[in-house]
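Coordinate inspection notes
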Amino acid sequence: MNRDALDRATAGLDPPFAVVDLGAFDANAADLLRRAGSTALRLASKSVRCRALQRRALDAGFRGQLCFTLPEALWLAGHGFDDLVVAYPTADRAALRELAEGPHRGAIAVMADSREHLDLVAACGGARVCLDVDAGWWPARGRIRIGVKRSPVRTPEQAAALAADAVARPGIEVVGLMSYEAHIAGVGDAGRGPRGAAIRAIQRASARELTARRAAVVAAVRAVAELQFVNGGGTGSVERTAAEPAVTEVAAGSGLYGPTLFDAYRAFAPRPAALFALPVVRKPSAATATVLGGGYLASGAAGADRLPRPVLPAGLRLDRLEGAGEVQTPVLGPAARALALGDRVWFRHAKAGELCERFASLHLVRDDRIVDEVPTYRGEGQAFL
């Protein structure tokens, strides 16, 4: 990140605003594709939330998108995107009916992990369905459970039974299977000391168990339904998941923007591509500068790692007592002394696409100039979650 180049490129803008460095974005896309090798990469739309940049990633070699809601998938299909998988189950009856009765049924698959999901989909007219299977690690005969709380379907027998239930229903076609190892793909392994060592050990053990179980699940489901894809992984596990013979595609998206949560991995280092600038509006003391806004907290378990991070000028930090605030954010450190009213401070978000819920557009920067301004989902009047 070059502060002088960013400041020159955006000299005509008044902050707050957000930028995406196209050089970094394209380099991150190329690196993700390299890490996936011959395995397809499906773009996680929630991590981008900007149609122009989603199209850019697809043009670079990503294949299809993993959406976060059915209304989002229907909207994207209406703009010409296809091969859309909704990563999370829906209870939106109106959207399911629109899918069943409209022109985009063949472009979208919805998620199901229970008979109740199938009942709802069938009652609304049917759909192409992807089955979601738990990817967590359950050592000590299940007395310890590591991983996010997603699907209740875990074993090959459970998956095959759900697939058989699905294919027996008129209007439902099983086209895919998904199992997302969030505790591997979304938890950084670069920490030092006992905690870092424990994370790496857990991830290795979980990956060994999941590789065998996922293969057995896929085989059991393929005996019932002709799967078009098997999806797994995320930005933090691309190489590991892509190496599994049973997996046909890996999901990724956060690595394109390179948010701060992805600084904590040993296998890769995305370039920070998405940043936002806030103006200094107070100098409460010589050693403190206060910027406007900044309370753009990332989702997940509350902690300091979910806060945006001031990165330019170098040498700034948040105030532990105030953090990042709704209307103001104090920054401290040696660099704060040189900041004056109207100066800008550059931040990185902890997560990727959530930043786009705060800005109507992204200014696309190459070197020291703005080459385009493109709307985010918010800028197009869309708020899907």
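For the structure, see preceding data.
Notes on the structure in this doc start here. This structure is a prediction, so every number in the text was calculated from the model and none was measured. (Residues numbered from 1 in each chain as written. Predicted model: local features only at pLDDT ≥ 70, side-chain atom pairs only at ≥ 80, totals over all residues. Heavy atoms only, no water.)

1. Some points on the overall build of the protein
Using the following cut-off: For the purposes of this entry, the term helix denotes a DSSP run of H or I that reaches at least four residues, the term strand denotes a run of E that reaches at least two, and both are numbered from the N terminus. Our radius of gyration looks at C-alpha atoms and nothing else; its globule reference is 2.2 Å times the residue count to the power 0.38. Each residue is assigned to one of three classes by its accessible area relative to the maximum for its type, calculated with a 1.4 Å probe on protein chains only: buried under 20%, partly exposed between the two thresholds, exposed over 50%. Contact definition: two residues touch when any of their heavy atoms are within 4.5 Å.
Looking only at helices and strands, the protein has eleven helices and 17 strands in total. Its C-alpha atoms give the protein a radius of gyration of 22 Å, near enough to 21 Å, the size a compact globule of 385 residues would have. Seen through its principal axes, the protein has C-alpha atoms that stretch 70 × 50 × 35 Å. Per-residue burial over the protein gives 55% buried out of 385 residues. Taking as baseline every contact in the protein between residues at least 6 positions apart, the subset at least 24 positions apart corresponds to 66%.

2. Concerning the packing of helix H2 (residues 22–36) against helix H3 (residues 51–60)
Between two packed helices, both the angle of their axes relative to each other and the distance between the axes serve to describe the pair. Let me state the cut-off plainly: Only the stretch in contact is used when fitting a helix axis, every axis being a line fitted to C-alpha atoms; angles between N-to-C directions are given from 0 to 180 degrees. Angle categories: roughly parallel below 35 degrees, roughly antiparallel above 145, roughly perpendicular from 65 to 115, and oblique for all the rest. Note on convention: near helix rotated counterclockwise from far helix by under a right angle means a left-handed crossing. Clockwise means right-handed. Residue polarity follows a fixed list, in which Ala, Val, Leu, Ile, Met, Phe, Trp, Tyr, Cys and Pro are nonpolar, Asp, Glu, Lys and Arg are charged, and the others, Gly among them, are polar.
Between H2 and H3, the least distance of the axes is 10 Å, while the angle of their chain directions is 45°. Considering their axes alone, H2 and H3 lie oblique with respect to each other. As for how H2 packs across H3, the hand of that crossing is right-handed. Contacts between H2 and H3 pair Leu22, Phe25, Asp26, Ala29 and Leu33 from the former with Leu53, Arg56, Ala57 and Ala60 from the latter. For the contact of H2 with H3, the class distribution of residues is seven nonpolar, no polar and two charged.

3. So, the state of the cysteines
In protein chemistry, a disulfide is the covalent bond that joins the sulfur atoms of two cysteines. As a reminder, the rule being used: Put simply, a disulfide is two cysteine sulfurs that come within 2.5 Å.
In the structure shown here, the tally under the stated rule is zero disulfides. Distance from the sulfur of Cys130, which forms no disulfide, to the nearest cysteine sulfur (Cys67) is 12 Å. Considering cysteine sulfurs only, Cys50 is the nearest to Cys356, which forms no disulfide, with 6.3 Å between them.

4. Structural notes on the pairing of strand S15 (residues 344–348)
Quick reminder of the rule: Pairing between strands requires that DSSP locate at least two bridges from one strand to the other.
Burial analysis of S15 places five of its five residues in the buried class, the great majority of the element. Neither face of S15 is left uncovered, since the one carrying Arg344, Trp346 and Arg348 and the one carrying Val345 and Phe347 both have all their residues buried. One ladder, built from four bridges, connects strand S10 (residues 274–285) with S15; its direction is antiparallel. For Ala277, the partnering residue across the bridge sits in S15 and is Trp346. Note that strand S12 (residues 309–312) and S15 share three bridges and pair antiparallel. In the sheet register, Pro310 faces S15, and the bridge partner there is Phe347.

5. Section: helix H6 (residues 115–123)
The condition is simple: Comment: arc refers to directions from the helix axis out to C-beta atoms.
Every buried residue belonging to H6 is among His117, Leu118, Leu120 and Val121, and all of these are buried. With its buried residues spanning 160° around the axis, H6 presents them on a single face. The exposed residues of H6 that point more than 90 degrees off its buried face are Arg115, Glu116 and Ala123. Contacts from the buried residues of H6 go to helix H5 (93–101), strand S5 (108–112), strand S6 (127–132), helix H7 (156–167) and strand S7 (172–179). Where H6 ends, the next residue or the one after it, Gly125, has phi of about 115°, a positive value.

6. Points about the sheet that holds strand S9 (residues 249–252)
As summarised here, the arrangement of the eight strands in space is S2-S3-S4-S5-S6-S7-S8-S9, forming a closed barrel in which the pairing is parallel. Strand-to-strand, the axes of this sheet are offset by a mean angle of 30°, without reference to chain direction. In this structure, S6 lies alongside S7, joined through six bridges in parallel fashion. Note that in S7 the partner of Leu131 across the bridge is Leu177.

7. Topic: the pairing of S6
Convention followed: With the strands pointing away from the viewer, any crossover whose connection runs clockwise from the first strand over the helix to the second is right-handed.
Along S6, six of the six residues are buried, which leaves the element largely enclosed by surrounding structure. With four bridges connecting them, S5 and S6 associate as parallel partners. Bridge pairing in S6 places Val110 opposite Val129. The parallel pair S5 and S6, bridged by H6, forms a crossover whose chirality is right-handed. One crossover worth recording links S6 to the parallel S7 by way of H7, and it is right-handed.

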